[in-house]
Amino acid sequence: MADDDMTRTGALMREVRTRIASRALAPGDRLPSVRGFARTMGVSPSTVVEAYARLEAEGVIRARRGSGFYVTGADLPPMALAEMRPRRERDIDPFWVSRQSLDADPDVLKPGCGWLPADWMPNAALRKGLRALGRANDALLSDYGGTRGSIELRRLLIARFADQGIAATADQVLLTGSGTQAIDLICRLLLRPGDAVLVDDPCYFNFHALLRAHQVRIVGTPFTPAGPDIAAFEQALIDEKPRLYITNSALHNPTGASISPQIAHRVLSAAAAHGLTIVEDDIFADFEPSPSPRLAILDGLQRVIRIGSFSKTLSASVRCGYIAARADWIESLVDLQVATSFGGPSPVSTELIAGVLAGGSYRRHMDDVRQRLAHARIEVAERLAQLGIVPWIMPRGGFYLWCRLPDGLDSAVVARRCMERNVVLAPGNVFSASQSAAPFVRFNVAQMGDRRIIPILERAMEMGISAPTAGRAHAGMADQGRTWHPESKAVRGAGMKGG
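What you see is a predicted model, and the numbers here were worked out from it, not measured in a lab. (Residues numbered from 1 in each chain as written. Predicted model: local features only at pLDDT ≥ 70, side-chain atom pairs only at ≥ 80, totals over all residues. Heavy atoms only, no water.)

Topic: the overall build of the protein chain
- Counting its secondary structure elements, the protein chain contains 19 helices and 14 strands.
- Counting across all 499 residues of the protein chain, residues that qualify as buried make up 53%.
- Considering only contacts within the protein chain whose residues lie at least 6 apart along the sequence, 75% involve residues at least 24 apart.
- For the protein chain, the accessible surface area stands at approximately 22,300 Å², while carbon and sulfur atoms represent 51% of it. (Helix = DSSP H or I, 4+ residues; strand = E, 2+ residues; numbered from the N terminus. Buried < 20%, exposed > 50% of the residue type's maximum accessible area, 1.4 Å probe, protein only. Contact = heavy atoms within 4.5 Å. Areas by Shrake-Rupley, 256 points an atom, 1.4 Å probe, with all protein chains shown as cover.)

Right, here's the structure in full:
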């Protein structure tokens, strides 16, 4: 019997150590009570007392009179970021930049991420709004969100649409948990596995990731400084018969380009002729110094669905997106959001956003951000030019520069070298369906303020010369870096690296 008790005591000690090693129990955490742990493990309380006493003697835990036993953390190193990452080296695919940026610790520099630094955001207005929420009624703090989201925030959006020339009604606007969720809901409604979806080449890399999850064919069409290459766009409609086209018309991600009026009209004409639905992601609208053409405005929300969110301008922590579309589509999307999220976005989030947007501070905030970004784009372009890195175009707004590396460099190789020095880059091929953007990198100028970035980038470039694919990809871009011409005008998702 004594041997059996010893075995049980040892098993309990191993269980506690395992929980501590896995961080299920962290330093300072209270261990389960003696009786509670005895019930869980199916042993007598005296066995738990013995196990705890031995662990205390080893310094693993300590007793507090009248309170219980607590993890000491002795000899337990802090959990390093590397321990939380997958052990294998990931392919540089559409998930790579997201994972590196989202999981980065505070010491990592992120010129490849897709958001502004925290000290650029309207934190004073957010704090004021949060204090006001503390005085809100219990229902707002505790209840589910309505199926369409806050009526106050939808009214604000409808008023902004009216200023832009879109006559939307309340039944044409749906609030969602985020801009990404907005696209996901639209894909659930309009797509089935195997359908073709048209995207710009290059385009926002999470479009690729999300479309893969829906098991559709990704068809890339070349992108120019004035919008999609219209001849290739029209040919793709004939050859591939896509159900959707997803794009940024203004301050395109990653290139920073904006669609021209002529291209916008031809895109809408081609879409009407081929029964194509367009999803226009307008997330960068407020970064423009003056409005550029919008497909949703020209179309009147008949064939174009507008989506957006507030994560770039207000807070990525307070998530909320929106969809503006035909009323019958919105009605179906409401049911989908109930099925997948049981209601609209958090009332706390929507009330906070509505309060900030309604105040005068938001307009002043965006004026300041646009001015800061205008200076940053010029300054960063000049610093990159010293390394032979050249912008494809100089955007009229926003925080992205889509840049070409010197000949012979593959941006994926450079990105891996920079990651070794705690700098996250966004290499070109994560944006490209045709995998023809190896010489390109997307830089976030607002995240380039740290002076360590340029020397680290320069060193990574020196180490990363000459990848075999770089020359072939470089051949896809016109000599002067003005027009995007991938080798393949329509590329299915199955051909993507890491797909």
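Describing unusual backbone geometry
- Cis rather than trans, the peptide bond between D201 and P202 has omega equal to 10°.
- With respect to the helices and strands, P202 occurs in the loop between β4 (196-201) and α10 (205-213).
- Along the chain, N253 connects to P254 via a cis peptide bond; the corresponding omega equals 20°.
- Mapped onto the elements of the fold, P254 is located in the loop between β7 (244-247) and α12 (261-274).
- Despite not being glycine, K241 has its phi angle at roughly 50°, a positive value.
- Position of K241 relative to the elements: it lies in the loop between α11 (230-240) and β7.

Thoughts on helix α18 (residues 453-463)
- Turning to α18, its buried residues are I453, I454, I456, L457, A460 and M461. Buried residues in α18, looked at end-on, bunch into an arc of 160°, giving them a common side.
- If you follow the buried residues of α18, they end up packed against α16 (361-385), α17 (411-419) and β14 (440-444). (Arc of directions from axis to C-beta.)

Digging into the sheet that holds β14
- Read from one edge of the open sheet, four strands run β11-β12-β14-β13, paired in antiparallel fashion. With partners counted over all chains shown, the strands left at the sheet margins are β11 (390-391) and β13 (426-427), one partner each.
- The pairing of strand β12 (residues 400-404) with β14 spans five bridges and is antiparallel. Bridging across to β14, C403 finds its partner in V441. (Pairing = 2+ DSSP bridges.)

Overview of the packing of α17 against α18
- Interaxial distance between α17 and α18 falls to 8 Å at its minimum, and their mutual angle equals 130°. Here α18 runs oblique to α17, going by the angle between their axes. When you trace α17 past α18, the crossing you get is right-handed. Here α17 contributes V414, R417 and C418 to the contact with α18, which in turn contributes I456, L457, A460, M461 and M463. (Axes fitted to C-alpha atoms, helices over the stretch in contact; angles between N-to-C directions. Parallel < 35°, antiparallel > 145°, perpendicular 65-115°, else oblique. Left-handed = near helix turned anticlockwise from the far one by under 90°.)

A few points about a positive patch on the surface
- A surface patch of positive charge is lined by R127, K128, R131 and R135.
- Considering the arrangement of structural elements, one finds K128 in helix α6 (residues 123-133).
- For K128, a relative accessible area of 58% corresponds to the exposed category. (Patch = residues over 30% accessible without salt bridge, like charges linked within 9 Å, V, L, I, M, F, W, Y side chains within 5 Å. Salt bridge = Lys/Arg side-chain N within 4 Å of Asp/Glu carboxyl O. Lys, Arg positive; Asp, Glu negative; His and termini not counted. Charge placed at Lys NZ, Arg CZ, Asp CG, Glu CD.)

So, the sheet that holds β7
- With respect to topology, eight strands assemble into an open sheet ordered β3-β10-β9-β8-β7-β4-β5-β6, the strand pairing being mixed. Of all strands in the sheet, those with a lone pairing partner are β3 (173-176) and β6 (227-228), marking the two edges.
- Those strands touched by helix α8 (residues 151-164) are β3, β9 (304-309) and β10 (321-324), and its axis lies near 125° from that of β3.

Quick word on helix α14 (residues 327-341)
- Here α14 is 15 residues long and its end C-alpha atoms lie 20 Å apart, about the 21 Å a rise of 1.5 Å per residue gives.
- Inspection of α14 places W329, I330, L333, V334 and Q337 among the buried residues, and these make up the whole buried set. The buried residues of α14 occupy an angular sector of 145° when projected down its axis, which confines them to one face. Opposite its buried face, α14 presents the exposed residues D335 and A339, each directed more than 90 degrees away.
- Lining the buried residues of α14 we find β3, α9 (179-190), β8 (277-281), β9 and β10. (Expected span 1.5 Å × (residues − 1).)

A few points about the pairing of β14
- Extensive coverage of β14 is indicated by the burial of five of its five residues.
- By the alternation rule, side chains of β14 split into F440, R442 and N444 and V441 and F443, which are all buried.
- Of the strand pairs in this sheet, β13 and β14 are connected by two bridges, and their pairing is antiparallel. The partner of P427 across the bridge, within β14, is V441.

Observations regarding the packing of aromatic side chains
- Scanning the model with the defined rule gives 16 aromatic pairs in all.
- Put simply, the rings of Y204, F205, F207, W402, F431 and F440 pair up and form one aromatic cluster. (Phe/Tyr/Trp six-rings, centres within 6.5 Å; stacked < 30°, edge-to-face > 60°.)

Points about the environment of P345
- Mapped onto the secondary structure, P345 falls in the loop between α14 and α15 (347-358).
- Sequence separation between P345 and G145 is 200 residues; the distance between their C-alpha atoms is 5.8 Å.
- For P345, the residues in contact, after removing those within four places along its chain, are G145, G149, L175, T176, G177, C320, Q337 and T350.

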